[in-house]
Amino acid sequence: MDLGTIEKRIFDGFYSTVDEFAADVRLVWTNAQKYNRPESDIYKMSESLSKVFERKYTKFAKQTVKNKRKKVHQQREVTREDRISFEKLMREIHPDQLGLLMENIREQCPGAMYEEHDNVEIEIDKIDSATLLDQIEYCKACIKQNAGVSGGAGASEEEPSTKKQKR
């Protein structure tokens, strides 16, 4: 995957969601890091561009989430099983992805975050329904992305799927 292919896919209407687009962009950075040495300019630039992309994508995604939150909230309420599932899903995503998830929760439900020194805890029961459902979908997308990278023939490597609830 490369940026030229992504541009062509955009103009061809290949992507049906922004998440599909984002997965391909992330794949570019991952491949650059996989196939180049850490001391190379390409590797270093891919790290830098990845951070810029994630920051900008997060801002875009937050706007999209805000627009969807009311619809999701009206569709159904969160069950105890949803909260348990979220806790399990959080443990399966990459630490960078966890950082973005925590930023989202901190912005949308500040009362659900407890920070002391270097430890951060998420009180899942204090996350509102719309935010929780959004974050469950985010975790599932991350896990799917990470699984596509680490498994199967022809798959390119993405971020490892290691995550903890506290950091």
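As the structure is a prediction and not an experimental result, all values here were calculated from the model.

(A) Focus on the state of the cysteines. Under the definition given, this model contains zero disulfides. With no disulfide of its own, Cys 142 lies closest to Cys 139 among cysteine sulfurs, the gap being 6.3 Å.

(B) Region of interest: the pattern of salt bridges. Following the criterion strictly, the structure yields seven salt bridges and no others. As a salt-bridge pair, Arg 26 and Glu 54 come within 2.6 Å of each other at their nearest N and O atoms. Of the two residues, Arg 26 is situated in helix α2 (residues 18–34) and Glu 54 in helix α3 (residues 41–75); the sequence distance between them amounts to 28 residues. Taken as a pair, Arg 26 and Glu 54 share a single burial class, namely buried. Note that Arg 106 is salt-bridged to Glu 115, the shortest N-O span being 3.0 Å. The class for Arg 106 is partly exposed, based on a relative accessible area of 30%. For Glu 115, a relative accessible area of 47% gives the class partly exposed.

(C) Summary view of the packing of helix α1 (residues 3–12) against α2. At a minimum axis distance of 10 Å, the contact between α1 and α2 shows a crossing angle of 170°. What the angle tells us is that α1 and α2 run roughly antiparallel. Between α1 and α2 the crossing geometry is right-handed. Two secondary-structure elements touch here, α1 through Leu 3, Ile 6, Arg 9 and Ile 10 and α2 through Phe 21, Asp 24, Val 25, Val 28 and Trp 29. Here the residues of the contact of α1 with α2 sort into seven nonpolar, no polar and two charged.

Cut-offs applied
- Residues numbered from 1 in each chain as written.
- Predicted model: local features only at pLDDT ≥ 70, side-chain atom pairs only at ≥ 80, totals over all residues.
- Heavy atoms only, no water.
- Disulfide = S-S within 2.5 Å.
- Salt bridge = Lys/Arg side-chain N within 4 Å of Asp/Glu carboxyl O.
- Helix = DSSP H or I, 4+ residues; strand = E, 2+ residues; numbered from the N terminus.
- Buried < 20%, exposed > 50% of the residue type's maximum accessible area, 1.4 Å probe, protein only.
- Axes fitted to C-alpha atoms, helices over the stretch in contact; angles between N-to-C directions.
- Parallel < 35°, antiparallel > 145°, perpendicular 65-115°, else oblique.
- Left-handed = near helix turned anticlockwise from the far one by under 90°.
- Contact = heavy atoms within 4.5 Å.
- Nonpolar A, V, L, I, M, F, W, Y, C, P; charged D, E, K, R; others polar.

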